[in-house]
Amino acid sequence: AMRAHKGWEAQWVSPEPRQSYDVIIIGAGGHGLGAAYYLAKEHGITNVAVIEKGWLGGGNTGRNTTIIRSNYLYEESMDIYEHSLKLWEGLSQDLNYNVMYSPRGVMMLSHNVHDQQSFKRHVNANNLYGIDNEWLTPEQAKAFCPPLDISKNARYPINGAALQRRGGTARHDAVAWGYARAASDRGVHIIQNCEVTGIRRGPNGEVTGVDTTKGFIGAKKVGVSAAGHSSVVMGMAGVRLPVHSTPLQALVSEPLKPIFPCVVMSNTVHAYISQSDKGELVIGAGTDQYNSYSQTGGMQIITHTLDAICELFPMFRRVKMMRQWGGITDNTADRSPIQSVTPVPNLFVNAGWGTGGFKATPGSANLFAHLIAKGEPHRLAQGLTLDRFRTGRLIDEAAAAAVAH
Ligand code: FAD
Ligand code: PYC
């Protein structure tokens, strides 16, 4: 049947690299591709290359469980995640590419008094800032998500839940492909299968370009958006990033008819779940507890998550799992991201999104483009610079990260 599909146009061009560019972005995930798109669209900078060691979207962009929400605690976080949520709402139209954004609601389960106090604090902080988030009783949680077991004798009983109705999911591959096509249409070069192996610097320490497996490519400015390999790439410029990398795993079940209407997360028992449009249950775990660049992850972590899913949703006990994988997450001590100028002139970094940067893709890309174009952070990203690790003005989002670390 596929033979009938002839004459499809390539969605983006795959050019040979030029000798030099105004801007090189390292890493063709959603963040890097999106930043290139917004550089072209909002700042008129089109002499841009996005350089990717593998295939575009093959990093965490194509490995995540696609949960989108903006229910974080501090203003610095609410600013960027809500900016992102608003961009999600119009992204398919903006890119003319269906990213399948689905605001089906993200519900976070509370299992004990500590969870309840923490979630209610988030609900209040969000509401005061104009962001939707509400507290539900166990009965209301069950009405919102019928497969949930709320019986008092459940192994992991719940005493309520926090619900962000505007939260939801999007199709991760489509996000990468949509940004790639839109950036390519505006003249951006996307260069795949090209690993950056070095960052070259001039007489004043400034960036002059990158060494790659396709040779040296010059650049006036370089933006690093390499997720799990952020500290490796920044190390090429002599910058030690306050980030550690750990595997994070997910898996999908055999396809089922529509059964699960929303997204549910339980940080306390280390599991989160939704159902894709193909019908697969999409399930994710907490991070492995050791630093690693392995895109597989430990077996005991994922089996623990499946134990939790079976307890929370007993009807899924006989469902078969089809595929499991891992991604490498770049984690900061305060679980908040870094968008920053660096000690190296004309080198910019977007990193530290760890277990939670998919939801931030449009917002992060949009603000990273601003940082690269203007040389200083946008108002909405001012708190996210590297400075905070020197001043101690950390943004502790460990609870809002909602994934066991
Ligand atoms: P990536 O898509 O990883 O892009 C970085 C790119 O840089 C990669 O393609 C890589 O190959 C490339 N690269 C690295 N080094 C080099 C080099 N030397 N030269 C050239 N290219 C290089 N977030 C959420 O908000 N919601 C979720 O539900 C969620 N679930 C997750 C589940 C899992 C299992 C994982 C692993 C992550 C999850 N995340 C989630 C986090 C989210 O996936 C990431 O924060 C986000 O996708 C990062 O996007 P990115 O574009 O920065 O990174
Ligand atoms: O940040 O919402 C999130 C998330 C969910 C699963 C992994 N990360």
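Here, every reference points to the structure presented above.
Residues numbered from 1 in each chain as written. Chains lettered and ligands numbered in written order. Predicted model: local features only at pLDDT ≥ 70, side-chain atom pairs only at ≥ 80, totals over all residues. Heavy atoms only, no water.

### Examining the site of ligand 1
Around ligand 1 lies a shell of 35 residues, among which Glu 52, Asn 60, Thr 61, Thr 65 and Gly 357 are the nearest. For ligand 1, an oxygen atom lies 3.0 Å from a polar atom in the backbone of His 31. At 2.9 Å from a nitrogen atom of ligand 1 is found a main-chain nitrogen or oxygen belonging to Val 196. Contact with the protein chains hides 96% of the accessible area of ligand 1, taken as 1,000 Å² for the molecule alone. (Near = heavy atom within 4 Å. Polar contact = N/O pair within 3.5 Å; in protein donor to acceptor, adjacent residues only side chain to side chain. Areas by Shrake-Rupley, 256 points an atom, 1.4 Å probe, with all protein chains shown as cover.)

### Things to note about the site of ligand 2
The environment of ligand 2 is formed by Thr 65, Ile 67, Arg 69, Met 265, Tyr 272, Thr 355, Gly 356, Lys 359, Ala 401 and Val 403. Within the backbone of Thr 355, one N or O atom sits 2.7 Å away from a nitrogen atom of ligand 2. Between ligand 2 and Lys 359, the relevant distance is 2.5 Å, taken from an oxygen atom to a side-chain nitrogen or oxygen of the residue. Against a free-state accessible area of 240 Å², the protein chains account for coverage of 95% of ligand 2. Residues of the shell around ligand 2, tallied by class, amount to 5 nonpolar, 3 polar and 2 charged. (Nonpolar A, V, L, I, M, F, W, Y, C, P; charged D, E, K, R; others polar.)

### Let's talk about the nonpolar core
Of all hydrophobic cores here, the largest spans 40 residues; its most connected members are Leu 33 and Trp 88. Elements that contribute at least two residues to this core include exactly strand E1 (20–26), helix H1 (30–43), strand E2 (48–51), helix H2 (75–95), helix H5 (172–185) and helix H8 (361–374). With residues up to four places along the chain from it excluded, the contact list for Trp 88 reads Ile 68, Val 99, Tyr 101, Ala 170, Val 175, Phe 358, Lys 359, Thr 361 and Pro 362. (Core = buried A, V, L, I, M, F, W, Y, C linked by side-chain atoms within 4.5 Å. Buried < 20%, exposed > 50% of the residue type's maximum accessible area, 1.4 Å probe, protein only. Helix = DSSP H or I, 4+ residues; strand = E, 2+ residues; numbered from the N terminus. Contact = heavy atoms within 4.5 Å.)

### Topic: unusual backbone geometry
Even without being a glycine, Asn 96 presents a positive backbone phi close to 50°. Located in the positive-phi region is His 270, a residue other than glycine, with phi close to 65°. Here His 270 lies in the loop between strand E13 (263–266) and strand E14 (271–275).

### Topic: the pattern of salt bridges
Within the structure shown, the criterion is met by 17 salt bridges. A salt bridge links Asp 22 to Lys 220, with the shortest nitrogen-to-oxygen separation between them at 2.9 Å. Placement of the pair is Asp 22 in strand E1 and Lys 220 in strand E11 (residues 215–224), with a sequence separation of 198 residues. The exposure class of Lys 220 is exposed, given its relative accessible area of 56%. Close ionic contact of Arg 104 with Asp 277 constitutes a salt bridge, the shortest N to O distance being 4.0 Å. (Salt bridge = Lys/Arg side-chain N within 4 Å of Asp/Glu carboxyl O.)

### Considerations on the sheet that holds strand E15 (residues 280–287)
Across the sheet, 8 strands lie side by side as E5-E6-E4-E13-E14-E15-E12-E16; this open sheet has mixed pairing. A strand with exactly one partner marks an edge of an open sheet, and here the two such strands are strand E5 (134–136) and strand E16 (321–331). Averaged over all pairs of adjacent strands, the angle between their axes in this sheet comes to 20°, without regard to strand direction. Relative to E14, E13 runs antiparallel, the two sharing 3 bridges. Looking across to E14, one finds that Met 265 is bridged to Tyr 272. Strand contacts of helix H3 (residues 113–128): strand E4 (106–110), E5 and strand E6 (160–164), with the helix running at about 145° to E4, the strand carrying the most contacts. (Pairing = 2+ DSSP bridges. Axes fitted to C-alpha atoms, helices over the stretch in contact; angles between N-to-C directions.)

Everything listed here is a matter of coordinates, which is why it stays silent on function.
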